[in-house]
Every structure is written in structure tokens, then in C-alpha cells.
Amino acid sequence: MTTILLTGGTGYIGSHTAVELIAAGYEVVIADDLSNSSKNVVDRIAQISGKKPSFYEIDVADKDDLRKVFSSHHIDAVIHFAGFKSVSESVREPLKYYRNNLDATLSLLEVMKAYGCEKIIFSSSATVYGVSVDSHKFNEEDETGNCSNPYGRTKSMIEDILSDVSKADEGFTSILLRYFNPVGAHESGLIGEEPNGIPNNLMPFITQVAAGILPKLKVFGSDYDTPDGTCIRDYIHVVDLARGHVAALEYAFVHTGCGIFNLGTGKGTSVLEMIHAFEEANGLRIPYEIAERRAGDVPFCVADPSKANDILGWKADKDIVDMCRDSWRWQQNCRNESIK
Ligand code: UFG
């Protein structure tokens, strides 16, 4: 059976990808230090899939621990999710981000090489593109590296590292997946995003306001050059995103070199449109107020997903209503102590 190692596999995107990989017939091994997730996610993956992944509580930067994983399993490919991901924290503590995100990747690549594992899929981000001019939808040929924060720069640096490794080693495959804005949760309501403390991102903030945990949403800026003045993003359902990894993996098994793919829907939604869609999908009211712009936000960030559509044969098919409904179902379950 083909075995895939998921670093950061108990996290938000990792756990949904584990479920889709198991459904596609892969054997899943998870390595996660649980710094931003909990161990019971492994049981919930098992509850959904009927199969429990092997789990190692390790820091991926620790090569000795990583060697134990590679010695215990024949790993055919790695999907590398592990990394810190808060934009605001990365601005306050840049060294923490560079050390953690780069070290984990370098250790992983060195151990992969030692064990002859030559396929890696990397969790990159649309943040590597920087600012769009005239509502241009980003494609994989667009310039990258002009990031506004250390978190984004770690993604961009890791893309460069993987590209160099693929050039140096003919048999090596790296696939860089540039995620747009993942939201939603598995429809079982058993796994989803569990932000630590007050959420930074729009959807978890909306669901916590809906649940009465937070009093009111602040809309960061209503004077952008967009139709309703609020920022536009390409929100993608996390289950579609997870399926994108399965498609990328299948591609990686028959190609070498460095492949780059946007994972987005190609549809833009403004902050106000998202609030109203959430209200309508769930029959709720979300109190909000217009606030100052948030530093570093770009007005427009939407994917041109045609390369992934054409080459990977993958397409996002869940819509904003699915995203809002599934995010809310998860938020409600999350408050249920038996699940959290
Ligand atoms: N927003 C609000 N109020 C909030 C939170 C967010 O108005 O309380 C707005 C933001 O200003 C932005 C939009 O909602 O206009 C989306 O913000 P998110 O924080 O949800 O997402 P971002 O697009 O800023 O960032 C996300 C990921 C990053 C990633 C980036 C790539 O969080 O990790 O997409 O484009 F780098």
C-alpha cells in the first residue's frame, strides 16, 4: 500500500487531507508536535474514515525523531503542512517563524533524502504573490516573493528551497500548492479549524460572533477600491482543498521536477458579501461595525485556478453556502465538550 507522511497532519488542512487520502486508498502516517492541534483529531479522522492513521507526536525539525518515523514505515511521499501560520505573530516574532518553518523543512528534506523518499507536496500560500494590479487573478507565472510579512516570506523561501532541490536532483519531485483562503469544515462536524485564542481570520471570527463568544465583528476597511469597499478573497472549502492534495499526489507519482499549482475557486467574495452569505445560509444575524484597515491587507486576492483544473484534473465544487453552513456546524459542535 502507498504510504504518505503528513507533517502537521492533525491541523486544520492536514486532518481534512488525511480523511481524503484514506478515502482514496492511501495509508496515512501523521507527525505533529500538537503545538496548534490536539491528539483527539486522530480519533476523529478514524471515526470519519473507519481507519486510524499512525501518529507520532514529534517536532519535525528533530531529525532523530523523524528518522524513527522513516525507519518504522516505508514513506512513499510527504505532504508538508507543519509550520506556524499567524501573520500577526510572525510580525511580532519573526525569528520564531524563520527558525521553526525553515528548520522543519530542512530537517525533513535531509531525512527524506537519507531514506530515498523523493516526493514532497508543500503547503504554500497565495500570500507569495503580493499585490494584484487591476483585479488581476493570480496565475502561477506571476511574480512572487514580494510578501508583506515574515510568515509569507517563510512560504516563499521554502518554495525556493524546494525548487533548488528539484533542480539539483533529477529524480526529485516537489509540488508547491498555493492555497487561497481555506474555510469550512468536514460535513460530519467532527473536524474543523480550532483557532487558539481570538481568531485572526474572517470565518472563525464570524462563527464565534454567531455563537455569542465574541460580541461583534470588525470589518477592516470599507474604503478599498472594490465594488462595496471591502477586501475581496477567494474562499475555498477545506474539503475541496484537501482533494486538491490527492490530485497533486497522483500527479507527483508520475512526474519529476517542481510543479506549482494555485488551489482556489477563481471566484472573489468581499467581506460584506461573506457576512451576508453566512447570515442567509444559517438564518442568523452577525453584528458588525466598520473599522480601520488592517495593516498588510491587500484589496484583491483571487486565483486563476485553470492550471490545477487542466493539469491535475481537479476543480473546487463547493460554494459559499456550503462553506458557511459547514463552518457553522463545526463551530456549534466545537462548543460541545464531548468533541473539543
Ligand atoms: N477581516 C475582517 N475582520 C476580521 C478578520 C478579517 O474584516 O476580523 C477581513 C480582512 O481584513 C480581509 C478578509 O477579511 O480583508 C480576509 O482576512 P483573513 O484574515 O481571513 O485572510 P487573509 O486573506 O488576510 O489571509 C489568509 C491567510 C494567510 C494567507 C493569506 C493568503 O490567513 O495565512 O490568506 O492570501 F497568507
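Whatever comes next refers back to the structure up there.
Quick summary incoming for the structure in this document.

1. A short note on the overall build of the chain
Each helix and strand counted, the chain has 11 helices and 14 strands in total. Since a compact globule built from 340 residues should have a radius of gyration of about 20 Å, the 19 Å found for the chain is in line with a globular shape. Dimensions of the chain, computed from the C-alpha atoms along their principal axes, are close to 55 × 45 × 40 Å. Within the span of the chain, comprising 340 residues, buried residues form 55% of the whole. Partitioning the contacts of the chain with sequence separation of at least 6, the portion at a separation of at least 24 is 80%. Carbon and sulfur atoms form 48% of the exposed surface of the chain, whose accessible area is close to 14800 Å². The averaged location of the 48 negative side-chain charges in the chain is 4 Å from the averaged location of its 33 positive side-chain charges.

2. A few points about the site of the ligand
Inspection of the region around the ligand gives 20 residues, with Asn201, Leu202, Lys218, Arg233 and Asp297 positioned closest. Note that an oxygen atom of the ligand is positioned 3.0 Å from one of the side-chain N or O atoms of Asn181. For the ligand, the protein covers 89% of the area, taking 680 Å² as the surface of the free molecule. Those elements giving two or more residues to the shell around the ligand turn out to be α7 (202-210) and β8 (217-220). For the shell around the ligand, the element with the highest residue contribution is β8, accounting for four residues.

3. Section: the sheet that holds strand β6 (residues 173-179)
One open sheet accounts for seven strands, arranged β3-β2-β1-β4-β5-β6-β11; its pairing is parallel. Of all strands in the sheet, those bounded by a partner on one side alone are β3 (54-56) and β11 (257-263). Strand after strand, the sheet turns through a mean of 20° between neighbouring axes, direction not considered. With five bridges joining them, strand β1 (residues 3-7) and strand β2 (residues 27-31) adopt parallel strand pairing. Paired with Thr7 across the bridge in β2 is Ala31.

Parameters at a glance
- Residues numbered from 1 in each chain as written.
- Predicted model: local features only at pLDDT ≥ 70, side-chain atom pairs only at ≥ 80, totals over all residues.
- Heavy atoms only, no water.
- Helix = DSSP H or I, 4+ residues; strand = E, 2+ residues; numbered from the N terminus.
- Rg over C-alpha atoms; globule rule 2.2 N^0.38 Å.
- Buried < 20%, exposed > 50% of the residue type's maximum accessible area, 1.4 Å probe, protein only.
- Contact = heavy atoms within 4.5 Å.
- Areas by Shrake-Rupley, 256 points an atom, 1.4 Å probe, with all protein chains shown as cover.
- Lys, Arg positive; Asp, Glu negative; His and termini not counted.
- Charge placed at Lys NZ, Arg CZ, Asp CG, Glu CD.
- Near = heavy atom within 4 Å.
- Polar contact = N/O pair within 3.5 Å; in protein donor to acceptor, adjacent residues only side chain to side chain.
- Pairing = 2+ DSSP bridges.
- Axes fitted to C-alpha atoms, helices over the stretch in contact; angles between N-to-C directions.

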